[in-house]
Every structure is written in structure tokens, then in C-alpha cells.
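# Chains, contacts and geometry: an overview
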Amino acid sequence: MANIVYRPIGDQFSDDVIQLILPIQQIEFGVAVTLEDQPDLKTIEAFYCQSGGNFWGAFDGDTLVGTIALVSIGHQAGAIRKMFVKKEFRGKEFGIAQQLLEKLLTYSEEQGIKDIYLGTVEQLKAAQRFYEKNHFTLIPKADLPAYFPLMSADNVFYHLRLKN
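Residue positions are given per chain, counting from 1 as you read along its sequence in written order. Only residues with pLDDT of at least 70 are given local features in this predicted model, and only at 80 or more are side-chain atom pairs given and counted; all residues enter the totals for whole chains, interfaces and linings. In computing side-chain properties, one takes all heavy atoms of the structure into account and sets aside hydrogens as well as water.

## Section: the overall build of the chain
Note on conventions: DSSP H or I runs of at least 4 residues are helices, E runs of at least 2 residues are strands, and numbering of each starts at the N terminus. A tally of regular secondary structure across the chain gives 4 helices and 7 strands. Put simply, the chain runs from its N terminus to its C terminus through helices and strands in the order β-α-α-β-β-β-α-β-α-β-β. For the radius of gyration, the atoms used are the C-alpha atoms, and the globule rule reads 2.2 Å times the number of residues raised to 0.38. Here the chain has a C-alpha radius of gyration of 15 Å; the compact-globule value for 164 residues is 15 Å, and the two agree. Taking the principal axes of the C-alpha coordinates as reference, the chain spans close to 40 × 35 × 30 Å.

## Focus on the pattern of salt bridges
Every case where a carboxyl oxygen of Asp or Glu lies within 4 Å of a side-chain nitrogen of Lys or Arg is listed as a salt bridge. In the structure shown here, the tally under the stated rule is 4 salt bridges. The partner of Asp115 in a salt bridge is Arg161, and the shortest N-O contact between them spans 2.7 Å. Taken together, the positions of Asp115 in strand β5 (residues 115-120) and Arg161 in strand β7 (residues 156-161) put the pair 46 residues apart, joining distant regions of the chain.

## Quick notes on the packing of aromatic side chains
In this scheme Phe, Tyr and Trp rings, the latter by its six-membered ring, pair at centre separations within 6.5 Å, and the angle between planes marks the pair as stacked below 30 degrees, edge-to-face above 60, and tilted otherwise. Applying the stated rule across the entire model yields 10 aromatic pairs. With 4.8 Å between their ring centres and 70° between their planes, Phe47 and Tyr48 make a pair best called edge-to-face. Think of it in three bands: residues with accessible area under 20% of the maximum for their type are buried, residues over 50% are exposed, and the middle band is partly exposed, with areas taken using a 1.4 Å probe on protein chains only. Residue Tyr48 is classed as buried on the basis of its relative accessible area of 0%. Linked through ring pairs, Phe130, Tyr131, Phe136 and Tyr158 together constitute an aromatic cluster. By definition here, charges over rings are those cases where NZ of Lys or CZ of Arg is within 6 Å of the ring centre and within 35 degrees of the ring normal. Between Arg7 and the ring centre of Phe59, over which it is positioned, the NZ or CZ distance is 3.9 Å.

## Some remarks on the environment of Lys42
Position of Lys42 among the secondary structure elements: in the loop between α1 (14-28) and α2 (44-49). Note: C-alpha distance between Lys42 and Val71 (29 residues apart in sequence) is 15 Å. Two residues form a contact once any of their heavy atoms are found within 4.5 Å. Not counting the four nearest positions on each side in its chain, Lys42 is found in contact with Asp11, Ser14, Ile18 and Leu35.

## What to know about the environment of Gln111
Here Gln111 is to be found in the loop between α3 (96-110) and β5. Spatially, the C-alpha atom of Gln111 lies 9.4 Å from that of Ser72, the residues being 39 residues apart in sequence.

## A closer look at the sheet that holds strand β2 (residues 54-60)
Two strands are said to pair when DSSP picks up at least two bridges between them. The strand order across the open sheet built from 7 strands is β1-β2-β3-β4-β5-β7-β6, with neighbouring strands paired in mixed fashion. This sheet does not close on itself; its edge strands, each paired only once, are β1 (4-8) and β6 (137-139). Direction aside, neighbouring strands of the sheet carry axes that sit 25° apart on average. Where β5 lies against β7, 6 bridges are found, and the strand directions are antiparallel. Paired with Asp115 across the bridge in β7 is Arg161. Angles here are taken between N-to-C directions and fall from 0 to 180 degrees, while the axes themselves are lines fitted to C-alpha atoms, restricted in helices to the stretch in contact. Its contacts with the sheet place α1 against β2, β3 (63-72) and β4 (77-85), and it is angled at close to 90° to β3. Across the face of the sheet, helix α4 (residues 125-133) comes into contact with β4, β5 and β7 while running at roughly 20° to β7.

## Some points on α4
For the α-helix, the turn length of 3.6 residues means that residues three or four positions removed from each other point alike. Within α4, burial applies to Gln128, Phe130 and Tyr131. End-on, the buried residues of α4 take up no more than an arc of 160°, which puts them together on one face. The arc refers to the directions leading from the helix axis to the C-beta atoms.

## Here's the deal with the pairing of β3
Burial runs high along β3: 8 of the 10 residues are buried. Where β2 folds back on β3, the antiparallel hairpin that results is connected by 2 residues, among which Gly61 adopts a positive phi of roughly 65°. Connecting β3 to the antiparallel partner β4 that follows it, the hairpin turn spans 4 residues, and Gly74 within it adopts a positive phi of roughly 75°.

Right, dumping it as C-alpha cells:
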């Protein structure tokens, strides 16, 4: 069993984040998204942290095996981005996705965030089951708040109301 360590990460991990996320998006799931479509991956601190959000990594030794990010979008709301776990580290055996989500939700509550939104793509069925298991509610795109930062690839949307 791997000894996974979770911690906030910044720009010094941009290359590791890109090397983790792009192959999952493009090769594993065939999502037509490029690095140019995601400039935030090169400016983690400016895009996520300076606005009141954060970006977390899960590490097996020195290897980044999972990520999750929170964009603070004002209105006591946040958006989950960049939730990815390396294929061989997925599942209940490791619990990495669950730990990453719990870090994000705890941080959100500490920041006074009451609503969490996210967009994903139709192909990511396991991700959808994961969010539903964690009490996220599937919502139509029309029900997203106007301030939600839409990603062009996303076509499935979720909402979670925090109890804080």
C-alpha cells in the first residue's frame, strides 16, 4: 500500500500537473482539450490561490498521482477543477479522490464557501458516480449561476450545498 501524502501545491509543480492531467484528458478519455485551452496549469498560484482558492496534490513519494483545485468564484461559492488521479492509483484501495475532495471541502468551509459547483464531461462516468456518492446533485447547465466559470468541454454539471 502506497503512503500517499496530500499537500497544497503551487507553480513549482506545473510541469508535474501537466504531465499527470493531459494524458488522462486526451489519451485515456479522448477529451479534445489542449494545454493551450488550460493556461491555469502554468499559473496555479495566480489562477487558484490568489483569488482565495487552492490547488492540492497527492504524492506517492516524489511522484504526483492526483490533483484537485478550487476556484473561488465569489458569492460564497467555489468551483472544483482539475480533479484527476493517475489510473493505477484510482479506487477505494487508495481512496485518493476521496481524500482530495475532503481536503477541498474542509478548506471551502474554513473560507466561508457555501456552494460548490463543478463541470465535467459525459465520458467520465466514474467521476459522475463519485460526485453523486458524495452528495453532489446533478443540475442542468441553465441552473448554474451566471458567475460560474464555464469550460468549453464540460457538458455535465453538479452542485453541493455545504452545511457551514
